[in-house]
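Tertiary structure, described
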Amino acid sequence: MRELELYVHIPFCVRKCDYCDFLSMPAAENVRRHYVDKLIAEIRQNASACYDYQISSIFFGGGTPSMLSGVQIAEIMRELRQNFKVRQTAEITLECNPGTLTGQKLALYKTAGINRLSLGLQSADNRELQRIGRIHTFEEFLESFDLARKAGFSNINVDVMSALPGQSTKDWLYTLKKVTELRPEHISAYSLMIEEGTPFYERFAEDELRRQRGEAPRDLPSEEVERRMYELTREFLTDQGYVRYEISNYAKPGRECRHNIGYWQLIPYLGLGLGSSSYLEQARFSNTRSLQEYLEGKWNDVSEILKVVKGRKETSASVGKREEPDIFLPDKRRQMEEYMFLGLRMTVGIARKTFQKLFGVEPEGVYGEKLHKLQQQGLLKQSEGRIFLTEEGISVSNYVLCEFLLEV
Ligand code: SF4
């Protein structure tokens, strides 16, 4: 039976962080209850479109899914199990934030079948946490981590963020040290992005421009410091026994996030909840981003979408075009780009054989010149039937990955 991943979006947060452009918002208890009811209705309606898939992983993302009570998460999990074929071995992750967890809640999550937690920390320095608008302190994070271990969670990710305003390499190393002392199974280490529409954009957009022009920024770390933080992350975490398996993700051997690996390997996924994206039968589509519309029941009808996709494939109509913004069916050229773009994010890279099987052509047949050039530059390597980025290639991954966009 074919494999499918589920993503469940819970868009609520206690308060918006200053750098955040995710689809998330504060909401009263009655709104959260209403949302859970609608989410359950969506699950019931759309599961039948996926009857010939088995669910290999479920990811509750947000927002802050731990804003929901243990009972609410258990209700959603029960519906997922009743309506989808969830494998016994499925990896089931819930994103949590310190300040929203209790021992009782965690025990209920565990009983509901959650077997992996992802804790948002970002920094071990309370001044930095305050500067980026987080609601919690490092001590509260420690308490949550301890509660999670006591509740029996043996697979925990911690999110940390570098290149924060005013942060030095020494500060960043301090956060890495404090986190690794806890021995979490997985660490996601991203750099701060200054996103439009956020309070940080108002404050730091000019600084970001300065940095991009190679000039010295006022508050953000310079490009050179950011690069050093990036190298430090790999050096330090490798020393501590973590293996980098993706540009920004590190795990103890065997504890890589299976759900994310699925995304990078183009395993199909169904998104449930506000604004969630899906990738099914090679088509990409997303739910409404309006909470009001979602609460009125205006989510995607996946069976109807798949009928449209089938019709388009049979007639080749609109393949590769964005005629209907809600459904995008990539043509072969775009599929190859996606495969390279996502697959090369992983340190194991892509398998030549799989590329050949999927697209009926060797990677050289499409990317011959680019592959040659990037290898000459020392940014890409080939070995044992795989193509992957070198350390140098990973450090300039934005440039390398863009090389795989094909001209129209
Ligand atoms: S907790 Fe996460 S999702 Fe919520 S506002 Fe902060 S960064 Fe955004």
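Counting of residues starts from 1 at the beginning of each chain's written sequence and follows it residue by residue. Only residues with pLDDT of at least 70 are given local features in this predicted model, and only at 80 or more are side-chain atom pairs given and counted; all residues enter the totals for whole chains, interfaces and linings.

1. Let's talk about the site of the ligand
Short version of the rule: Residues are counted as near a molecule or strand when the C-beta atom, derived from backbone positions, lies within 6 Å of that molecule or strand. Gly is placed with the polar residues, together with every amino acid not listed as nonpolar (Ala, Val, Leu, Ile, Met, Phe, Trp, Tyr, Cys and Pro) or charged (Asp, Glu, Lys and Arg).
The ligand sits among Cys13, Lys16, Cys17, Cys20, Phe22, Ser24, Gly62, Gly63, Thr64, Asn97 and Gly120. Of the residues that constitute the shell around the ligand, the class distribution is 4 nonpolar, 6 polar and 1 charged.

2. Overview of helix α3 (residues 103-112)
Note the following rule: Residue burial here comes from a neighbour count, namely the number of other C-beta atoms, placed from the backbone, that lie within 10 Å of the residue's own C-beta, with 20 or more meaning buried, 12 or fewer meaning exposed, and in between meaning partly exposed. The helix and strand labels rest on DSSP assignments: H or I over at least four residues marks a helix, E over at least two residues marks a strand, and numbering proceeds from the N terminus. Arc definition: directions from the helix axis to the C-beta atoms. C-beta atoms are placed from the backbone for every residue, and two residues are taken to be in contact when these atoms lie within 7 Å.
The set of residues buried in α3 consists of Leu106, Tyr109 and Ala112. Mapping the buried residues of α3 onto a view down its axis gives an arc of 120°, with all of them on the same face. For α3, the secondary structure elements touched by its buried residues are α2 (70-83), β3 (85-96) and α5 (138-150). Positioned one or two residues after α3, glycine 113 has a phi angle of 110°, which is positive.

3. Digging into helix α7 (residues 199-212)
Put simply, the test is: For a helix, the expected span equals 1.5 Å multiplied by the number of residues minus one. To obtain the bend at a residue, axes are fitted to the seven residues ending there and to the seven starting there, and the angle between these axes is taken.
The end-to-end C-alpha separation of α7 is 20 Å, in line with the 20 Å expected for 14 residues at 1.5 Å each. Along α7, the helix axis deviates most sharply at alanine 205, where the bend reaches about 50°. The set of residues buried in α7 consists of Phe200, Phe204 and Arg211. Here the buried face of α7 lies against α8 (223-239). Where α7 ends, the next residue or the one after it, glycine 214, has phi of about 85°, a positive value.

4. Observations regarding the sheet that holds strand β15 (residues 386-389)
Formally: We treat two strands as partners when DSSP finds at least two bridges between them.
One open sheet accounts for 3 strands, arranged β13-β15-β14; its pairing is antiparallel. Edge positions in the sheet fall to β13 (350-351) and β14 (380-383), since each of these pairs with one other strand and no more. Two strands pair when backbone bridges link them, and β13 and β15 are joined in this way by 2 bridges, in the antiparallel orientation. Across the sheet, residue isoleucine 350 finds its bridge partner in β15, namely isoleucine 387.

5. Looking at the domain arrangement of the protein
Rules: Each domain's extent is set by a domain assignment, obtained either automatically or from a database.
Each assigned domain of the protein is listed with its residue range as follows: domain 1 (2-264) and domain 2 (332-402). A C-alpha centroid distance of 28 Å is found between domain 1 and domain 2. On the side of domain 2, 8 residues touch domain 1, which itself brings 7 residues to the contact. Sorting the residues of the side of domain 1 that touches domain 2 by element identifies β7 (243-246) and α9 (258-264) as the ones contributing at least two each. Here the element with the most residues in the side of domain 1 that touches domain 2 is β7; it accounts for 3 residues. Classifying every residue of the side of domain 1 that touches domain 2 by side-chain character gives 5 nonpolar, no polar and 2 charged.

6. Section: the packing of α2 against α3
Worth spelling out the cut-off: For helices, the fitted axis covers only the stretch in contact; all axes are lines through C-alpha atoms, and the angles between them, taken along N-to-C directions, range from 0 to 180 degrees. With respect to orientation, any angle under 35 degrees is reported as roughly parallel, any angle over 145 as roughly antiparallel, any angle of 65 to 115 as roughly perpendicular, and every other angle as oblique.
At their nearest, the axes of α2 and α3 sit 8 Å apart, and the two run at 10° to each other. As the angle between them shows, α2 and α3 are arranged roughly parallel. Judged by residue contacts, Gly70, Val71, Ile73, Ala74 and Met77 of α2 engage Gln104, Lys105, Leu108, Tyr109, Thr111 and Ala112 from α3. Here the contact of α2 with α3 is built from residues that sort into 7 nonpolar, 3 polar and 1 charged.

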